[in-house]
Amino acid sequence: MDLGHAAFPRLLEHSAPHGVDAALFSHGHPDHCADLNPLLRARAMVDTPPPALPLYAPPGELAAVLALDRPGMLDEAYRLHEFDPGERFAIGPFDVTTRLLPHSRPNAGIRLEGGGRSLVYTGDTGPSPVIAELARGADVLIAEATYAEEMPADLAGELSTARQAAGHAARARVGRLLLTHLWPGSEPQAFIEAAGRAWDGEVAIADTGMVIDLD
Ligand SMILES: [Zn+2]
């Protein structure tokens, strides 16, 4: 999900490019999809390319990243499945539920379920009661928290704070909360403390290489 800046080298630590079965995107801002380009290049520019990679994204959101290369060069490397946020569908073994969440462009909140476990990811979102609906009882909520507690007024409807994310976690009664999308240079401990003022559950900051065992 959401192959943003520098996600591709991280991905290579876990899988060869041809080992990826599908890619799912919340929205088209480059910090959420820029590294789709190197993934598609790595799959296309080999002697025996793997099958086209299924891509799932809201309508038009991948147009810019898919236009980075020479026209046609990557056409055989992917198969685009656009969905309207609110749709439900399956990707491999996962049931995928999506909901439209408020952002500066259409953003899909995503719930993945499989094997009796559930993971919810907000993408980028302003506060919305839909977040807690989507995250109801989830094992893990991965929530955008760009700021710890104070939100600049001009971004108030488009992004969230750690405290707001923790409020959604409390209402949804999730198993644990993982905060991501921290503004560069932020002090992580301030986010943990802000979240703790809205929820007494388990909170962590998403970190490079982090692994969460849902069992
Ligand atoms: Zn965004």
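Caption draft 1: Highlighting the environment of Arg-163. Inspection of the secondary structure puts Arg-163 in helix α6 (residues 162-172). Of the residues examined, Arg-163 reaches a relative accessible area of 35% and is grouped as partly exposed. Distance in space between the C-alpha atoms of Arg-163 and Tyr-147 is 8.8 Å, their sequence separation being 16 residues. Leave out the neighbours within four places in its chain, and Arg-163 touches Ala-148, Glu-149, Ala-194, Ala-195, Arg-197 and Ala-198. A distance of 2.5 Å separates a polar atom in the side chain of Arg-163 from a polar atom in the side chain of Glu-149.

Caption draft 2: Geometry of the environment of Arg-105. Considering the arrangement of structural elements, one finds Arg-105 in the loop between β5 (94-101) and β6 (107-114). We classify Arg-105 as partly exposed; its relative accessible area is 30%. On a C-alpha basis, the gap between Arg-105 and Asp-2 in space is 15 Å, while along the polypeptide they are 103 residues apart. Those residues in contact with Arg-105, other than ones at most four positions away along the chain, are His-27, Gly-28, His-29 and Glu-61. Of note is the side chain of Arg-105, whose polar atom sits 2.7 Å from the side chain of Glu-61.

Caption draft 3: Molecular detail of the sheet that holds strand β1 (residues 23-24). Read across the sheet, three strands follow the order β1-β2-β3 without closing on themselves; strand pairing throughout is parallel. Edge positions in the sheet fall to β1 and β3 (78-82), since each of these pairs with one other strand and no more. Alignment of strand β2 (residues 53-57) against β3, held across five bridges, turns out to be parallel. Along β3, the bridge assignment pairs Tyr-56 with His-81.

Caption draft 4: Here's a closer look at the pattern of salt bridges. Counted by the stated rule, this structure contains ten salt bridges. Notably, a salt bridge pairs Arg-99 with Glu-133, separated by 3.2 Å at the nearest N-O pair. Taken as a pair, Arg-99 in strand β5 and Glu-133 in helix α5 (residues 129-135) lie far apart in primary sequence, 34 residues in all. The closest approach of N and O atoms between Arg-176 and Glu-202, which form a salt bridge, is 3.8 Å.

Caption draft 5: Layout of the domain arrangement of the protein chain. We note that the domain assignment places domain 1 (1-82) and domain 2 (84-215) within the protein chain. Computed over C-alpha atoms, the centres of domain 1 and domain 2 are 23 Å apart. Domain 1 puts 17 residues into the contact, and the matching count from domain 2 is 20 residues. The junction of domain 1 with domain 2 conceals about 1,400 Å² of combined surface from both sides, 66% of it contributed by carbon and sulfur atoms. At the junction of domain 1 and domain 2, the tally comes to one salt bridge.

The rules behind these values
Residues numbered from 1 in each chain as written. Predicted model: local features only at pLDDT ≥ 70, side-chain atom pairs only at ≥ 80, totals over all residues. Heavy atoms only, no water. Helix = DSSP H or I, 4+ residues; strand = E, 2+ residues; numbered from the N terminus. Buried < 20%, exposed > 50% of the residue type's maximum accessible area, 1.4 Å probe, protein only. Contact = heavy atoms within 4.5 Å. Polar contact = N/O pair within 3.5 Å; in protein donor to acceptor, adjacent residues only side chain to side chain. Pairing = 2+ DSSP bridges. Salt bridge = Lys/Arg side-chain N within 4 Å of Asp/Glu carboxyl O. Domains from an automatic or database assignment. Buried area = accessible area lost by both parts, 1.4 Å probe.

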